[in-house]
Amino acid sequence: MIEIKNVTKKYGKVIAVDNISFEVKNGEIVGLLGPNGAGKSTTMNMITGFIEPTEGTIIVNGYDMSKKPKKAKREIGYMPEGVPLYADMTVREFVKFMAEIKRVDKRERNVKVEKVIEQTGLKDVEKKLIKNLSRGYKQRVSMAGALVGEPKVLILDEPTVGLDPKQITEIRSLIKELGKTHTIILSSHILSEVSQICQRVVIINKGKIIAVDTPENLETKVSSKNIVYVTVEDAENKIEKAAKKIKEITNIKFIKENSDNTKQYMLESKNDVDLRKIVFNEFAKENITIFELKKEDATLEDAFMKLIEGGNDNVGNN
Amino acid sequence: MWAIIKKEFKSYFTTPIGYIFIGVFLIAFSVSFYFTVLGYGSVNFEYIYYSMPTILVLAFLIPVLTMRTIAEERKTGTEQLLLTSPLSITKIVLGKFIAALSIVLITELCTLMYFAIICHFGMPHITTAVITFIGFLLFCMSYISFGIFASSITENQIIAGIISIGFFIITWVFPDFNPNLNALSFINMFYNYTQGQIDIADTITFITFTITCILLTIIFLQRRKSIK
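None of these values were measured; they are calculated from a predicted model.

1. Description of the overall build of chain B
- Per the secondary structure count, chain B includes twelve helices and zero strands.
- Taking 2.2 N^0.38 as the reference for a compact globule, 228 residues should give roughly 17 Å; the C-alpha atoms of chain B span a radius of gyration of 18 Å, in line with that estimate.
- Out of the 228 residues belonging to chain B, those deemed buried represent 54%.
- The long-range share in chain B, meaning contacts at least 24 apart out of those at least 6 apart in sequence, stands at 78%.
- In the structure as shown, chain B presents an accessible area of about 10100 Å², 74% of it carried by carbon and sulfur atoms.
- Chain B carries 12 positive and 10 negative side-chain charges, and their two centres are separated by 16 Å.

2. Observations regarding a positive patch on the surface
- Side chains of Lys68, Lys70, Lys71, Arg74 and Arg103 of chain A together with Lys91 of chain B sit close together on the surface and give a patch of like positive charge.
- In terms of residue count, helix H2 (residues 69-74) of chain A provides more of the positive patch than any other element does, three residues in total.
- Relative to the elements of secondary structure, lysine 91 of chain B occurs in helix H7 (residues 89-110).
- Note on lysine 91 of chain B: relative accessible area 31%, which makes it partly exposed.

3. A word on a nonpolar patch on the surface
Residue and element names in this part refer to chain B.
- On the surface, Met52, Leu56, Phe60, Ile169, Ile170, Val173, Phe174 and Phe177 cluster together into a nonpolar patch covering about 760 Å² of accessible area.
- Every element with two or more residues in the nonpolar patch is listed here: helix H4 (52-66) and helix H10 (157-177).
- Looking at the nonpolar patch, the element that brings in the most residues is H10, giving five residues.
- For phenylalanine 177, the location among the structural elements is in helix H10.
- Residue class for phenylalanine 177 comes out exposed when judged on its relative accessible area of 66%.

4. Section: the interface of chain A and chain B
- Every contact between the two is made by 26 residues of chain A and, on the other side, 26 residues of chain B.
- Across the chain A to chain B interface the summed buried area is about 2400 Å²; carbon plus sulfur atoms make up 61%.
- Interface area lost by chain A to chain B is led by Phe50, Tyr86 and Ile101 of chain A, which between them contribute 27%.
- Lysine 6 of chain B is paired through a salt bridge with glutamate 100 of chain A; the nearest N and O atoms lie 2.9 Å apart.
- Secondary-structure elements contributing two or more residues to the side of chain A that touches chain B are strand E1 (2-11), H2 and helix H3 (91-101) of chain A.
- If one sorts the elements of the side of chain A that touches chain B by residue count, H3 of chain A sits on top with six residues.
- Tallied by class, the residues present in the side of chain A that touches chain B amount to 13 nonpolar, three polar and ten charged.

5. Observations regarding the pattern of salt bridges
- Counted according to the given criterion, the structure contains 28 salt bridges over all chains.
- Beyond isolated ion pairs, a larger network of salt bridges with shared partners links Arg92, Glu114, Lys123 and Glu126 of chain A.

6. Some thoughts on helix H4 (residues 106-119) of chain A
Residues and elements named next belong to chain A.
- Taking 1.5 Å of rise per residue, 14 residues should cover 20 Å, and H4 covers 20 Å from first to last C-alpha, within 8% of that figure.
- Among all positions of H4, only Arg109, Lys112, Val113, Val116 and Ile117 are buried. On an axial view of H4, the arc spanned by its buried residues comes to 135°, and they lie on one face. Within H4, the exposed residues directed more than 90 degrees away from the buried face are Arg107, Val111 and Glu118.
- Buried-residue contacts for H4 involve H3 and helix H5 (135-147).

7. Focus on the nonpolar core
- Ranked by size, the top nonpolar core spans 146 residues in total, and within it Phe94 of chain A together with Phe45 and Phe139 of chain B carry the most contacts.
- If you tally residues by element for this core, the top one is helix H9 (residues 126-152) of chain B, at 14 residues.
- Formed by 14 residues, the second largest nonpolar core is a distinct cluster that contains Val232, Ile249, Leu275 and Val279 of chain A.

8. Remarks on the environment of isoleucine 187 of chain B
- Following the sequence through the fold, isoleucine 187 of chain B ends up in helix H11 (residues 186-194).
- Other than its neighbours up to four places away in sequence, isoleucine 187 of chain B contacts Tyr50, Ile55, Phe139, Phe168 and Trp172 of chain B.

9. Here's the deal with the sheet that holds E1 of chain A
- Taking strand neighbours across the sheet as the criterion, the four strands line up as E2-E1-E4-E5 (chain A) in an open arrangement whose pairing is antiparallel. The outermost strands of the open sheet, each flanked by one partner alone, are strand E2 (14-24) and strand E5 (63-64) of chain A.

10. Considerations on the confidence of the model for chain A
Residues and elements named next belong to chain A.
- The share of residues in chain A with pLDDT of 70 or more is 93%, and the mean pLDDT across the chain is 85.
- Across chain A, element-level confidence peaks in H3 with a mean pLDDT of 94 and bottoms out in strand E15 (residues 316-317) with 42.
- Counting contacts from residues 312-318, a segment whose pLDDT is below 50, to residues more than four positions away or on other chains yields 16 contacts.

11. Focus on helix H2 (residues 17-40) of chain B
Residues and elements named next belong to chain B.
- Between its first and last C-alpha, H2 extends 33 Å over 24 residues, near the 34 Å set by a 1.5 Å rise per residue.
- Along its length, H2 reaches its greatest deviation from straightness, about 30°, at phenylalanine 33.
- When H2 is considered as a whole, its buried residues turn out to be Ile17, Gly18, Phe21, Ile22, Phe25, Leu26, Ala28, Phe29, Ser32, Phe33, Thr36 and Val37.
- Turning to H2, the residues buried within the fold contact helix H1 (2-14), helix H3 (45-50), H4, H7, helix H8 (112-121) and H9.
- Of the residues flanking the end of H2, it is glycine 41, one or two places downstream, whose phi is positive at about 70°.

Basis of the calculations
Here the residue numbers are simple positions, counted from 1 along each chain's written sequence. Chain labels run from A onward and ligand labels from 1 onward, assigned in the order the entries are written. Only residues with pLDDT of 70 or above have their local features reported here, since the model is predicted, and side-chain atom pairs are shown and tallied only from 80 upward, although totals for entire chains, interfaces and linings are computed over all residues. Side-chain numbers here rest on the full set of heavy atoms in the structure, without hydrogens or water. The secondary structure listing takes helices from DSSP runs of H or I that are at least 4 residues long and strands from runs of E that are at least 2 residues long, numbered from the N terminus. Between the two quantities, the radius of gyration covers C-alpha atoms and the globule rule is 2.2 Å times the number of residues to the power 0.38. Burial classes follow relative accessibility: with a 1.4 Å probe on protein chains only, a residue under 20% of its type's maximum area counts as buried, one over 50% as exposed, and anything between as partly exposed. Throughout, a contact is declared for two residues whenever any of their heavy atoms are within 4.5 Å. Computed by Shrake-Rupley with a 1.4 Å probe, the accessible areas treat only the displayed protein chains as cover when residues are assessed. In this tally Asp and Glu are treated as negative and Lys and Arg as positive; neither His nor the chain ends contributes. The atom standing in for a charge is NZ when the residue is Lys, CZ when it is Arg, CG when it is Asp and CD when it is Glu. Residues enter patches when they are more than 30% accessible in relative terms and free of salt bridges; like-charged ones are connected within 9 Å and nonpolar ones (Val, Leu, Ile, Met, Phe, Trp, Tyr) within 5 Å. Note on definitions: salt bridges are taken to be side-chain nitrogens of Lys or Arg within 4 Å of carboxyl oxygens of Asp or Glu. Note on terms: buried area is the combined drop in 1.4 Å-probe accessible area of two parts once they are placed together, counting the loss on both. In this classification, Asp, Glu, Lys and Arg are treated as charged, Ala, Val, Leu, Ile, Met, Phe, Trp, Tyr, Cys and Pro as nonpolar, and every other residue, Gly included, as polar. Any helix carries an expected span of 1.5 Å times its number of residues minus one. The arc in question is the one traced by the directions running from the helix axis out to the C-beta atoms. Residue types Ala, Val, Leu, Ile, Met, Phe, Trp, Tyr and Cys, when buried and joined through side-chain atoms within 4.5 Å, form a set referred to as a nonpolar core. Pairing between two strands requires that DSSP report at least two bridges joining them. What pLDDT reports is the predictor's confidence in each residue, on a scale of 0 through 100. One axis fitted to the seven residues ending at a residue, another fitted to the seven starting there: the angle between these axes is the bend at that residue.

Below, the structure written as C-alpha cells:
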C-alpha cells in the first residue's frame, strides 16, 4: 500500500531523515515512534507530498508521489500535527470545503460530509465556528477533514496530543474502528498508545530507523531479565535466607514496608524462567505468607529507551 | 479551484477586510466625487477614479486585501491541508487571485451609483467611463498579483503588507523624480485609460506583469516544497 524506499531529507547540511525504507501493507495500522525531533513529522510530510524528499521514492497505492502527485494525494487523508483548521469556518463548512478540494463528486458530497460528521461525533457542533471549539473537538474536526472523500490511507500526526484522558480513549477507539477499513500510519511519542493501537511499530531516532517489529516482539526482544514483585508477611526476616535457597533468583531487593507490616521485595531472574511458581512453593515451606505476587511485564517503554540509548546497534530489522 | 475562490471570497466577508476595502474606497471616492463633480460641476466620471484620494487609499487597501492570502495559511499551518490535497499549486494561487479581484470588481460596481447621479445631472462620456473601468481593473490586477507574491515569501502578514505598500508607493512616486521612469509608472499607464484610449502596450504590460507575479508565486511555493 505504501512503500518508502531509501528516503532522505536534508535541510542544508542537517540530515532530518536518513535513508529510511519501510513498507505498510493494506489494512495495517503502523505506528511511527520516536522522541521529539526524531524525524516523524518530516517523514509524514513526505508521505503526504507536503514536502519533497531530497532522495528516494514514496509510492502510495501504486502511484509515485513525485511523478503522479494528484493521484497519490487522492489516496491519502492527512491529519497534520497541531491540527491546523480554518478558525472562521463552521464545522460543516470546513468538512465540506475539504470534500471540495479533495474533488468528491458533487452529487455524493452532501451524503459523504454527513457520514463523516456522524462518524466523528460532530453532529452536535456542526454549526459552531471552529475557533469556539475545545481542543478535543478540534482534533475530531481535523480527523473528519482527513476522513472525508474516503481515502484508503490515513496519516495521523500525533492524533492524541493535548487531549484529556477521556478524549484520548475516544480518539483511540475511533482510530481502531477506522483501522478495520483503512491503512493507517500514526505517529506518537506515547508508547502505551502505540502498543495498544498498532500492529507494527517503526522506531525512529535521529532520522534513522532503529527497529521495525510488532510491539510484543520488541518487548520480549529487549528484556534481558524477569522481575517479580512479592509482598510478604515475614516477621522473622527469613526471606533473604529463603531466597538464597532458590538458585534461579539472581538478585533480591527490599522495596518498602507497608502499613500493615508486610514488606515488598523485588526478585530478579534470568529471562527464560518464571519465578512465580518456585517462589510460591519455596516460601510456603519457609512459612512466609505471600500477600501479593506479581510479574512485571517488560514494557515498550523499556524497549524504546534501550533502543534509543543503544544508538545504532540494531536490535532487529525484520 | 472553485472551492478555493468560494472559501477566499467568504473569508473576505467573515473577516472585516472585505467591508474595509469596499467601505474605505467608497469614502475616498465620495470625497473625490464631492470635489470634482459638486465642486467644479464636472461630469467626468473617470476623473474621480484618477483623483488623488482614490489612488492614495488604494495604496493601502490593495495590500490589506492581499497580505494575508498565503502568509496566513502558512502561519496557521492550513497550507498543509491545501498542499496535500489533489489541487495543484497553480489552482490554489489562481483561486486566491480571482477572489481578491472579485472584491475589486464589486467595489467598481458600487461606484456605478455615482455614475447614475452624474447621468441625472449631465451627459458623461459612456465609452470613456467603460474604458476607465477596464483600466482600473487591470491596474488593480497588477497590484493584487504583486501583493499575493509578497504574501507568499513571508509568513508574516504585516511584512507582506509593508512590501506591497512600498512597491505601490515606489511605482507611484519614483517616476515623478526622473521622467525617464515615466514609462514604468502604472499610474501613468492607468491615466491613458481615463483619457478614453486603450493603449495596447499598457494593456500588455499590465497583463504580463500579473502573469509574471503569479508565476513567481507558483514557482516560489513549488520550490519551498523541496527546501522546506
